[in-house]
Amino acid sequence: MEFSVPNILKNKIDELILHYPEKRSVTLMALHAFQEYYGYISNEAIEWIAQKLSLMPITVLELVTFYPMFSQEPLGKFHFKICRTLSCALKGSKNIYTFLCNKLGLDPHLHGRQTTADGRFTVEYVECLASCNTAPVLFLNEDFYENVTEESVAELLSLCEQKEGENE
Amino acid sequence: MAKEKRLILKHLDSKGYNPSITCYLKHNGYKTLKKAFSLLPLKTEDGKTLSAQEQLREEVKLSGIRGRGGAGFPTGVKWSFINHNTDKPVYLVCNCDESEPGTFKDRQIVHKDPHQLIEGMIIACYANDVHLAYIYMRGEFNLGAKIIEKALQEAREAGFLGKNILGSNFDLEIYLHRGAGAYICGEETGAICSLEGRRPYPRIKPPYFPAALGLYMCPTIVNNVETLCAVKHIIEIGATKYAKLGIPGDTGTRIVGISGLIQKPGYFEIENGKVTIGELIHDFAGGPLPGRKIKAIIPGGSSSKVFRADEKITLKTKNSDGTESIKTIDIMELPYDSNSIMAAGSMTGSGGLIIIDDSVSMVDVAANISEFYTHESCGQCTPCREGNLWMCKILRRILSGQGRRIDADELLRISHNIMGGKTVCAFGEGSTWPIESYIIKFRDEFLAMTGIAEDNRKEVWGESGINRFE
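The shown structure was predicted, so the numbers you read here are calculated from the model rather than taken from an experiment.

**What about the packing of aromatic side chains?**
Considering all chains together, one arrives at 25 aromatic pairs over all chains under this definition. Relative to Phe170 of chain B, the ring of Phe37 of chain B has its centre 6.2 Å away and its plane inclined at 55°; by these criteria the two rings are tilted. With Phe37 of chain B in helix α2 (residues 31-38) and Phe170 of chain B in the loop between α7 (142-157) and β5 (173-178), this pair connects stretches of sequence that are 133 residues apart. On the accessibility criterion, Phe37 of chain B (14% relative accessible area) is buried. Judged by relative accessible area, Phe170 of chain B falls into the buried class, the value being 4%. Relative to Phe284 of chain B, the ring of Phe268 of chain B lies with its centre 5.1 Å away and its plane at 40°, an arrangement referred to as tilted. With a gap of 16 residues between them, Phe268 of chain B in strand β10 (residues 266-271) and Phe284 of chain B in helix α12 (residues 277-284) connect regions that are remote in the sequence. Both residues of the pair, Phe268 of chain B and Phe284 of chain B, belong to the buried class. One aromatic cluster in this structure is built from Phe3, Phe34, Tyr37, Tyr38 and Trp48 of chain A.

The following block contains the structure:
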């Protein structure tokens, strides 16, 4: 099966190649571009990047499996990342996480990333997001929210529902 | 009342200030760069000629500034390790991987005043004959990445980057490189490996000192965001004036972040050693939450050893006549600077204070921090990879009510098997200092929690001991 990569992505990688004296350096930024475009990193994508940068696929795969920001499976349309580390924990990030999991029918005791059965929501704990003064903090997709409370998370959830309604 | 001294943060929060180049230029932006380019070779008294670059490097050395990333190594000395007489290119990497729990200073600069960083970088690159530099930014700063990309583009269009910058014959390109959620990339050789497209496993020193065998095995300077901004101010006001700020041994200003259980968490720029921990907590951050009492202070990011709020510190001070005197002070009276905090047995690290009050168990804190280091260990060295996970599992077990009285000593034993130069990088030490210090300084809390659990099990299982854990 042919894996076709759109020109916008191809051009981006070509541009990135000019930034480094060695092609291998492009891998991480290329993975960002693919993760952003497709929402996950497929085996085909890994092979395509490897070929483009004259690398073995394993050289690309070992980065995908190392860095927490990449996913090898598609994630929910709405992706919550809640800071777990000390300053946020002291300000109640565990309550936020538990609240969100319960609202979405996920198990707050499970380790790692979880996606709802309908594939709409993904929730995960992440480590310190470097905004400890505005704890607790979370990401909803690309948007960053500070000083979150259970109320504001509930609002975010209804915002998600609303957005989904608009798109349909 | 102690006051802030804002150099780097001077404009960043003022009304109407924005990250655009027009705004930066309006506030005298890029003037220091022009000053650096205008330097002429200087004849010294002993007949030598110092090039403009050598003068800039000398200024940074004279300023006495110590790196603001965490290790506190003198920046000028770091720069002096670069051998300029090879045909290898020299690279500069700006470490913007800010990931140390409790630290959020670089975020402010990158999001609100990106051109200040870029100007500092151009000056540092000019001083060190660097023609290709990277900003290594943590992946989670997605907005920061957009802001920096835009700022770099603006700087390129205005002629501050590219070929023959401002007619100086100096070429420089700066590119942004994004991490993807790994704390270890903040370790300088980890960042270098990440930039090379490898797994960010730190490299062993010697021989892989970045100054000798750095990026692509070429001489490389890795400096923190705040350090590079400070370089701009050193060149702007001159090393002598900069060195008068702060105290000898830790000059200049630094951005301190206070978070945790405190009234007004925030970031403050202070002169090193001119503000005490107590002033930071009470005057700047508004003191403890109503009805609570501060119990513990993490003074410089999660890796630093904790202080008890009721701790007394014995300090040796040198008198003007050369004799030493010993005095005992309250922890709240301890000045916030590298030397004082180190003398008290911890470190200023990345300048992030986390305040813990009496509503929280230190076992909980230890478990939280241990989860972090377990997750973030790169996995290269066995003591760190296995030891941190082991400690984390013990702490999880204690929190689930299955503690044993001997767990505190067991945790100490494991932590002592990780620290002491048994790992490639300082992560091993940094991950065990906090846990070790929590147990030593709050042993009673560990014993209480595990003791209750052990006694309860005894009641359930009786004295036969067959199913006991001991």
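**Section: a positive patch on the surface**
Judged by side-chain charge, Lys5, Lys10, Lys241 and Lys244 of chain B come together as a positively charged surface patch. Mapped onto the elements, Lys241 of chain B comes out in helix α11 (residues 239-244).

**Re the packing of helix α2 (residues 26-38) of chain A against helix α4 (residues 57-66) of chain A**
Residue and element names in this part refer to chain A. In the contact formed by α2 and α4, the axes pass within 10 Å of each other and the chain directions differ by 65°. Once α2 is placed against α4, the crossing between them reads as right-handed. Residues Thr27, Leu28 and Leu31 of α2 form the contact with α4, whose own contacting residues are Val60, Leu63 and Val64.

**Regarding the domain arrangement of chain B**
All names here are of chain B. By the assigned domains, chain B splits into domain 1 (21-244), domain 2 (252-355) and domain 3 (362-461). For domain 1 versus domain 3, the separation of C-alpha centres amounts to 38 Å. Taken together, the contact pairs 12 residues of domain 1 with eight residues of domain 3. Of the roughly 890 Å² buried at the junction of domain 1 and domain 3 (both faces included), carbon and sulfur atoms supply 71%. Three residues stand out in domain 1 for area buried against domain 3, namely Tyr183, Ile184 and Tyr201, and they jointly supply 51% of the buried area on that side. Here domain 1 is connected to domain 3 by zero salt bridges. Inspection of the region where domain 1 meets domain 3 yields two residue pairs in polar contact (both at pLDDT 80 or more). Of the residues belonging to the side of domain 1 that touches domain 3, the class tally is seven nonpolar, two polar and three charged.

**Let's talk about the confidence of the model for chain B**
Of all residues in chain B, 97% attain a pLDDT of 70 or more, and the chain-wide mean is 95. Note on the complex model: pTM 0.95, ipTM 0.96.

**Topic: the interface of chain A and chain B**
At the junction of the two partners, chain A supplies 38 residues and chain B supplies 59 residues. Buried area between chain A and chain B, both sides added, is near 3,900 Å², and the carbon and sulfur share of it is 59%. Interface area lost by chain A to chain B is led by Phe66, Leu86 and Asn133 of chain A, which between them contribute 16%. In this assembly, chain A and chain B are joined by zero salt bridges. Where chain A meets chain B, there are 17 residue pairs in polar contact (both at pLDDT 80 or more).

**A few points about the sheet that holds strand β15 (residues 352-357) of chain B**
All names here are of chain B. Pairing in this open sheet of five strands is mixed, and the strands run β10-β9-β15-β11-β12 from one edge to the other. The open sheet is flanked by β10 and β12 (307-308), the only strands paired with a single partner. Looking at chain direction, strand β11 (residues 294-298) and β15 are connected through four bridges and run antiparallel. Bridge pairing in β15 places Ile298 opposite Ile354.

**Quick word on the side chain of Arg203 of chain B**
All names here are of chain B. Its location among the elements puts Arg203 in the loop between α8 (188-195) and α9 (210-213). You can call Arg203 buried: its relative accessible area is 12%. There is a polar contact of 2.5 Å between the side chain of Arg203 and the side chain of Glu196. In this structure Arg203 touches Thr189, Ile192, Cys193, Glu196, Arg198, Tyr208, Gly214, Met217 and Val424, once residues within four positions along its chain are discounted.

The rules behind the values
Residues numbered from 1 in each chain as written. Chains lettered and ligands numbered in written order. Predicted model: local features only at pLDDT ≥ 70, side-chain atom pairs only at ≥ 80, totals over all residues. Heavy atoms only, no water. Phe/Tyr/Trp six-rings, centres within 6.5 Å; stacked < 30°, edge-to-face > 60°. Helix = DSSP H or I, 4+ residues; strand = E, 2+ residues; numbered from the N terminus. Buried < 20%, exposed > 50% of the residue type's maximum accessible area, 1.4 Å probe, protein only. Patch = residues over 30% accessible without salt bridge, like charges linked within 9 Å, V, L, I, M, F, W, Y side chains within 5 Å. Areas by Shrake-Rupley, 256 points an atom, 1.4 Å probe, with all protein chains shown as cover. Salt bridge = Lys/Arg side-chain N within 4 Å of Asp/Glu carboxyl O. Lys, Arg positive; Asp, Glu negative; His and termini not counted. Charge placed at Lys NZ, Arg CZ, Asp CG, Glu CD. Axes fitted to C-alpha atoms, helices over the stretch in contact; angles between N-to-C directions. Left-handed = near helix turned anticlockwise from the far one by under 90°. Contact = heavy atoms within 4.5 Å. Domains from an automatic or database assignment. Buried area = accessible area lost by both parts, 1.4 Å probe. Polar contact = N/O pair within 3.5 Å; in protein donor to acceptor, adjacent residues only side chain to side chain. Nonpolar A, V, L, I, M, F, W, Y, C, P; charged D, E, K, R; others polar. pLDDT = per-residue confidence, 0-100. Pairing = 2+ DSSP bridges.

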